[in-house]
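# Structure assessment
So you can see what is in the structure, the chains are spelled out below.
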Amino acid sequence: MSLRAIVTGGGSGIGLATAKLLAERGMKVACLDLDPPGEPFVGIRADVTDDAAVRAAVAEAAERLGGIDVLVNNAGIGAQGTVEDNPDSEWQRVFDVNVLGMVRVSRAALPYLRRSEHASIVNTCSIAATAGLPARALYSATKGAVLSLTLAMAADHVREGIRVNCVNPGTADTPWIGRLLDKADDPEAERQALNARQPMGRLVSAEEVAAAIAYLAGPEAGATTGTALAVDGGMQGLRLRPTS
Ligand SMILES: NC(=O)c1ccc[n+]([C@@H]2O[C@H](COP(=O)([O-])OP(=O)(O)OC[C@H]3O[C@@H](n4cnc5c(N)ncnc54)[C@H](O)[C@@H]3O)[C@@H](O)[C@H]2O)c1
């Protein structure tokens, strides 16, 4: 029987690449998004900050897919600035999407996951959870929370047969980064700086992150829970000598 997956933020970037890969591997996939994709996916419009909408969307996904085995908590938004720069309302808004969004969708999906033989949750975290990046105080705080939430959920649900892991992408070439570059004074210089920050000298692709998510989501990773898999061009683990 094919596995059934929900991908939040499945309308763009890493989420869409993940939805495509899971479908290629034979899973039935529902994408929850503010702007969901159509066929071959079950597209369901939902805002992860709205608990009632999330519950309805997860129930609809379970109904249309025939159950839920895999949840990919990927919807997220960015924020720029030091700890001085963002008003309380923005702190609350970004935590609401990036952290509480995962809480709401997980809470709604758990009753279905408990009935699965291959239950797995994968959260999209970030290099920002494990490395200090400049001008990303609020965003990094949300992803630090996602890393801790992943570990706590993995502990809470291991004896129910539900695995919980996360992926930590470095800077990934998605529409998100396109928007960020568009706002920069010198987009080409900004792109070069982002490339150079990763030891491989390039951005990570959405497909490379999707491959890591698909691995953790699937039964091949059946003994893996409570891990963070970096997909960051070496940014977290390597310390290179300067080239010149
Ligand atoms: N692009 C990167 O460099 C990068 C690096 C590390 C981590 N990430 C993480 O990857 C995830 C996906 O990012 P991406 O680069 O693919 O971005 P993206 O902007 O291309 O896609 C994000 C998707 O999430 C959806 N979304 C946003 N708010 C939502 C809400 N309230 N309810 C439902 N859906 C919502 C958007 O509509 C969009 O389709 C995010 O969690 C992000 O923090 C991205």
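A brief look at the structure comes next.

Rules of the game
- Residues numbered from 1 in each chain as written.
- Predicted model: local features only at pLDDT ≥ 70, side-chain atom pairs only at ≥ 80, totals over all residues.
- Heavy atoms only, no water.
- Near = heavy atom within 4 Å.
- Polar contact = N/O pair within 3.5 Å; in protein donor to acceptor, adjacent residues only side chain to side chain.
- Areas by Shrake-Rupley, 256 points an atom, 1.4 Å probe, with all protein chains shown as cover.
- 1 Å grid on protein atoms, 1.4 Å probe; cavity = no way out; pocket = protein on both sides within 12 Å on 5 of 7 lines; lining within 4 Å.
- Sits in = over half its atoms within 2 Å of the grid points.
- Helix = DSSP H or I, 4+ residues; strand = E, 2+ residues; numbered from the N terminus.
- Nonpolar A, V, L, I, M, F, W, Y, C, P; charged D, E, K, R; others polar.
- Salt bridge = Lys/Arg side-chain N within 4 Å of Asp/Glu carboxyl O.
- Buried < 20%, exposed > 50% of the residue type's maximum accessible area, 1.4 Å probe, protein only.

## Thoughts on the site of the ligand
Taken together, 28 residues surround the ligand, and among them Ser12, Asp33, Tyr139, Ala172 and Thr174 come closest. Measuring from an oxygen atom of the ligand, one finds a side-chain N or O atom of serine 12 at 2.6 Å. Here aspartate 33 contributes a side-chain N or O atom positioned 2.6 Å from an oxygen atom of the ligand. If the ligand stood free it would expose 840 Å²; the protein chains cover 94% of that surface. Structurally, the ligand is housed in the largest pocket. At 4 residues, the largest contribution of residues to the shell around the ligand is made by helix H5 (residues 175-183). Looking at the shell around the ligand, its residues break down into 13 nonpolar, 11 polar and 4 charged.

## Things to note about the pattern of salt bridges
In total, this model carries 8 salt bridges according to the counting rule given. When the shortest N-O distance is used, the salt bridge between aspartate 51 and arginine 55 registers 3.1 Å. Pair noted here: aspartate 51 and arginine 55 are both in helix H2 (residues 51-65), with a separation of 4 residues, about one helical turn. With relative accessibility at 25%, the residue aspartate 51 sits in the partly exposed group. The closest approach of N and O atoms between glutamate 208 and arginine 202, which form a salt bridge, is 2.9 Å.

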